[in-house]
Amino acid sequence: MTSPPRPASPDDGPVNAMAIAAFALSVLAVFVTPAALAGVVCGHLARRQIRRRGERGDSWAQAALIIGYLLIGAAVAGLLLFGGFVATFFGIMAGAG
């Protein structure tokens, strides 16, 4: 007896290459901060392509977005913190003279 053919599932499609690239860029952003922005942009584009083409890789794109946005937020917080320290330092220096 032969078994009936199984229906095609979403796991049978190709993985979206832009989703993998988005994830790689977001992880690279740990060392090269501007790559986070590229990872976020590619992640959004990949999710749109995945929905339109029926490809796999949405979890890769979503992970890229999460990592990218977290790293962008950390970079902005670091810049604000650094700016606060610089402003405080120059404020103290201006008042000491």
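A. Layout of the overall build of the protein chain. Along the backbone of the protein chain there are three helices and zero strands. When the helices and strands of the protein chain are listed from N to C terminus, the series reads α-α-α. Burial status across the protein chain gives 21% buried among its 97 residues. Expressed as a percentage of contacts within the protein chain between residues at least 6 apart in sequence, the contacts between residues at least 24 apart total 65%. Looking at the protein chain as shown, the accessible area adds up to about 6900 Å², and 73% of this sits on carbon and sulfur atoms.

B. How the structure looks around the environment of Leu65. Of note, Leu65 is situated in helix α3 (residues 58–96). For the pair Leu65 and Phe23, spaced 42 residues apart in the sequence, the C-alpha separation amounts to 7.9 Å. With near-sequence residues (within four places) excluded, Leu65 lies in contact with Val40, Gly43, His44 and Arg47.

C. Local environment of a nonpolar patch on the surface. Taken together, the side chains of Leu28, Val30, Phe31 and Val32 define a hydrophobic patch exposed on the protein surface, amounting to about 410 Å² of accessible area. Within the secondary structure, Leu28 is located in helix α1 (residues 17–28). The class for Leu28 is partly exposed, based on a relative accessible area of 40%.

D. Up close: the packing of α1 against helix α2 (residues 35–53). At a closest axis distance of 8 Å, the pairing of α1 and α2 adopts a crossing angle of 160 degrees. Relative to α2, the element α1 lies roughly antiparallel. Our pair here, α1 against α2, has a crossing hand that is left-handed. In contact with Met18, Ala19, Ala22, Leu25, Ser26 and Leu28 of α1, α2 contributes Ala35, Ala36, Ala38, Gly39, Val40, Cys42, Gly43, Leu45, Ala46, Gln49 and Ile50. Each residue belonging to the contact of α1 with α2 can be placed in one class, and the counts come to 13 nonpolar, four polar and no charged.

What counts, and where the lines are drawn
Residues numbered from 1 in each chain as written. Predicted model: local features only at pLDDT ≥ 70, side-chain atom pairs only at ≥ 80, totals over all residues. Heavy atoms only, no water. Helix = DSSP H or I, 4+ residues; strand = E, 2+ residues; numbered from the N terminus. Buried < 20%, exposed > 50% of the residue type's maximum accessible area, 1.4 Å probe, protein only. Contact = heavy atoms within 4.5 Å. Areas by Shrake-Rupley, 256 points an atom, 1.4 Å probe, with all protein chains shown as cover. Patch = residues over 30% accessible without salt bridge, like charges linked within 9 Å, V, L, I, M, F, W, Y side chains within 5 Å. Salt bridge = Lys/Arg side-chain N within 4 Å of Asp/Glu carboxyl O. Axes fitted to C-alpha atoms, helices over the stretch in contact; angles between N-to-C directions. Parallel < 35°, antiparallel > 145°, perpendicular 65-115°, else oblique. Left-handed = near helix turned anticlockwise from the far one by under 90°. Nonpolar A, V, L, I, M, F, W, Y, C, P; charged D, E, K, R; others polar.

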